[in-house]
Amino acid sequence: MMITKLSRNFRALSAGAALSLLMLTAPAAFAETPKDTLVEGLAIDDIISMDPGEAFEFSTAEMTTNTYSLLVRLDLNDTTKVKGDLAESWSVSDDGLTYTFKLKPGLKFASGNPVTAEDVAWSFERAVKLDKSPAFILTQFGLTGDNVTEKAKAADENTFVFTVDKAYAPSFVLNCLTATVASVVDKKLVMDHIKPMTPSAEYKHDNDFGNEWLKTGYAGSGAYKLREWRANEVVVLERNDNYYGDKPKLNRVIYRYMKESAAQRLALEAGDIDIARNLEPGDLDAVSKNADLAVASAPKSTIYYVSLNLKNENLKKPEVQQAFKYLVDYDAISSTLIKGIGEIHQTFLPKGQLGALDEIPFKLDVAKAKELLAKAGLADGFSVTMDVRNTQPVTGIAESMQQTLAQAGVKLEIIPGDGKQTLTKYRARTHDMYIGNWGSDYFDPNSNADTFTANPDNSDAGTNKTLAWRNTFETPELDKQTKAALLERDGAKRAAMYQDIQKKYLENSPFIFIFQQIEVAGYRKNLKDFKLGPSFDTNFVGPIAKE
């Protein structure tokens, strides 16, 4: 189906677009990409669906943010705030339960259909009733399939009313509405493509809300519209002439599937692509020395960490947890393994989010670690395992820790595996130690604070499988403080609460936070206004132009 559709659409593309699509399979031979087209090399193999009510992957987030609109978006000038997208204004009731959004006048979808409050309400309804992976971002406000039509509804053509179950901090509610699951879809267009369903105990509805069609289809109002997606090959975006904001500078954007850093660098140097998005430190360094190329970077809300499973009696001891934080050679990791692609960061809130604590209290200190291990009754050390995905920089960090732990008498066995193998053990709580990363589900401190502190049922049968649960860590007092921060409506006070939580977490937790990711990209110097955002759904291509 995908191949047939591409063949049908190929004839309709301009000569420039056709040339770009030929580049997908042709060897590197072009001097430059078409003037009206941006070509990016990107590892897009994580895309499984283009439906904003279902998609929950990094690459899809970038596609969605450039093709769909939201009520509000992050303010990139101050990421602790939001600004209107479809919404011209909004207000919060005195009791903190009702959010009323007024839409900008004259809005249109790419189809030409008007954007109305009914489309907003139906978009919320379909996301909640589909109940795919990202639905929890909306359902955490008390929305269910039974009440969503009352809790998220159109008061009139241009007024959308959203009622939540508690008087949350407005910043929390609004930040959640910047997530791609809150994208507004064209109800009329999607309804033309719904598939009948037989209700069951697992799925109570008589249609699929257009999910099957939207996996590869498009029904948005963003700066670009989705023209084509072929899994592990290409994504093609085309300018949406009905877009209400600043019109995109280029006619189309093509994402070529390129996974290897070296291949991206060579294609960039040859002029076959305009932007290389997955560069490792060595290739990044080569790009930075090329007079025809430039480098862009931006901190992302992704934190890399090592966690200790408290099912292990040795790792359960607080002194051991603290000792391990002093057995990481942060300086060496910074200067080699994550050079240019990360910066040392030792708390669970990434820089840029409300209340993030920018303190680096730990450094390699073997003597202090030995002292702590002796207090734990483990002066002679012990043996432990770490599950590690076969990818950099995590493999290198694990090997570095293997060496530094050995200096304190701790023998670390590294168990390598692919992502599926390591994650399966981690999610089943059968690991000793695990090294991985966590990206915020939405740009609000609760996203990380909750997963690192909440663990209401620490049994293996627990259903709230947060990162705290995965490591059998219970911290009820900090969990209580995290939930209280959700209800603090004063922004400054809320930020202070999260800072206090992080300080206490540094002193007592089985998590060793290593670094915050810096997304990097190499690009050709004829590009203008190319920037990377603070999250994967803030990498906007609309402002980019070519000289």
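Above this text sits the structure in question.
Read on for an overview of the structure.

Rules and cut-offs
- Residues numbered from 1 in each chain as written.
- Predicted model: local features only at pLDDT ≥ 70, side-chain atom pairs only at ≥ 80, totals over all residues.
- Heavy atoms only, no water.
- Helix = DSSP H or I, 4+ residues; strand = E, 2+ residues; numbered from the N terminus.
- Rg over C-alpha atoms; globule rule 2.2 N^0.38 Å.
- Contact = heavy atoms within 4.5 Å.
- Pairing = 2+ DSSP bridges.
- Axes fitted to C-alpha atoms, helices over the stretch in contact; angles between N-to-C directions.
- Salt bridge = Lys/Arg side-chain N within 4 Å of Asp/Glu carboxyl O.
- Buried < 20%, exposed > 50% of the residue type's maximum accessible area, 1.4 Å probe, protein only.
- Phe/Tyr/Trp six-rings, centres within 6.5 Å; stacked < 30°, edge-to-face > 60°.
- Lys NZ or Arg CZ within 6 Å of the ring centre and 35° of its normal.
- Parallel < 35°, antiparallel > 145°, perpendicular 65-115°, else oblique.
- Left-handed = near helix turned anticlockwise from the far one by under 90°.
- Nonpolar A, V, L, I, M, F, W, Y, C, P; charged D, E, K, R; others polar.
- Core = buried A, V, L, I, M, F, W, Y, C linked by side-chain atoms within 4.5 Å.

**Looking at the overall build of the protein**
Helix and strand counts for the protein come out as 20 helices and 19 strands. The C-alpha radius of gyration computed for the protein amounts to 24 Å, which stays within 12% of the reference 24 Å derived for 547 residues, consistent with globular compactness. Its C-alpha atoms give the protein principal-axis dimensions of roughly 70 × 60 × 45 Å. Across the protein, contacts joining residues at least 24 apart in sequence account for 70% of those joining residues at least 6 apart.

**A short note on the sheet that holds strand 7 (residues 159-163)**
An order of 4-5-7-6 is seen for the four strands of this open sheet, with the pairing classed as antiparallel. With partners counted over all chains shown, the strands left at the sheet margins are strand 4 (87-92) and strand 6 (152-156), one partner each. Each neighbouring strand pair of the sheet contributes to a mean axis angle of 25 degrees, computed without reference to strand direction. Pairing analysis gives four bridges linking strand 6 to strand 7, with the strands arranged antiparallel.

**A look at the pattern of salt bridges**
It is possible for side chains of opposite charge to pair when their charged atoms get near one another. Scanning the entire structure with this criterion turns up 31 salt bridges. Residue Arg277 is joined to Glu40 by a salt bridge in which the shortest nitrogen-to-oxygen separation is 2.7 Å. One end of the pair, Arg277, is in the loop between strand 11 (275-276) and helix 11 (281-288); the other, Glu40, is in strand 1 (residues 37-42), with 237 residues separating them in the sequence. This pair shows no difference in class: Arg277 is buried, exactly as Glu40 is. Glu519 is paired through a salt bridge with Arg277; the nearest N and O atoms lie 2.9 Å apart. With a gap of 242 residues between them, Glu519 in strand 17 (residues 511-524) and Arg277 in the loop between strand 11 and helix 11 connect regions that are remote in the sequence. Through salt bridges with shared partners, a single network forms among Glu40, Glu62, Arg277, Lys300 and Glu519.

**Here we look at the packing of aromatic side chains**
By convention here, two paired aromatic rings are described through the distance between centres and the angle between planes. Inspection of every chain in the model, using the stated rule, returns 32 aromatic pairs. Among the aromatic residues, those joined into a cluster by ring pairs are Trp90, Phe101, Phe124, Phe141, Phe160, Phe162, Tyr168, Phe172 and Tyr442. Directly above the aromatic system of Trp469 lies the positively charged group of Arg429, at a separation of 4.3 Å from the ring centroid.

**So, the packing of helix 17 (residues 445-453) against helix 19 (residues 476-485)**
Remark: helix 17 packs on helix 19, axes separated minimally by 9 Å, with the N-to-C direction vectors making an angle of 160 degrees. Overall, the two elements helix 17 and helix 19 adopt an arrangement that is roughly antiparallel. Crossing of helix 17 against helix 19: the hand is left-handed. Counted together, Asn446, Ala449, Asp450 and Thr453 of helix 17 and Leu478, Asp479, Thr482 and Lys483 of helix 19 form the full contact between these two elements. Of the residues contributing to the contact of helix 17 with helix 19, the split by class is two nonpolar, three polar and three charged.

**A short note on unusual backbone geometry**
Following Gln392, the chain continues to Pro393 via a peptide bond in cis, the omega torsion being 5 degrees. Residue position: Pro393 is located in the loop between strand 14 (383-389) and helix 15 (394-406). Positioned with a positive phi, Asn232 is a non-glycine residue whose angle comes to about 60 degrees. Inspection of the secondary structure assignment puts Asn232 in the loop between strand 8 (224-230) and strand 9 (234-239). Positive phi, close to 60 degrees, is recorded for Arg429, a residue that is not glycine.

**Things to note about the pairing of strand 12 (residues 293-308)**
Two faces make up the sheet, and in a regular strand the side chains alternate between them. Extensive coverage of strand 12 is indicated by the burial of 13 of its 16 residues. Where strand 12 lies against strand 17, twelve bridges are found, and the strand directions are antiparallel. Within strand 17, the position partnered with Leu293 by the bridge is Arg524. Alignment of strand 12 against strand 16 (residues 433-439), held across seven bridges, turns out to be antiparallel. Bridging from a neighbouring strand, Val306 pairs with Ile435 of strand 16.

**Concerning the nonpolar core**
Phe101, Phe124, Phe160, Phe162, Tyr305, Phe452 and Phe511 are the most contacted members of the largest nonpolar core, which has 59 residues in total. Here the element with the most residues in this core is helix 4 (residues 117-130); it accounts for six residues. When near neighbours in sequence (up to four residues on either side) are disregarded, Phe101 contacts Leu71, Val72, Ala87, Ser89, Trp90, Asn158, Thr159, Phe160, Phe162, Leu174 and Leu177.

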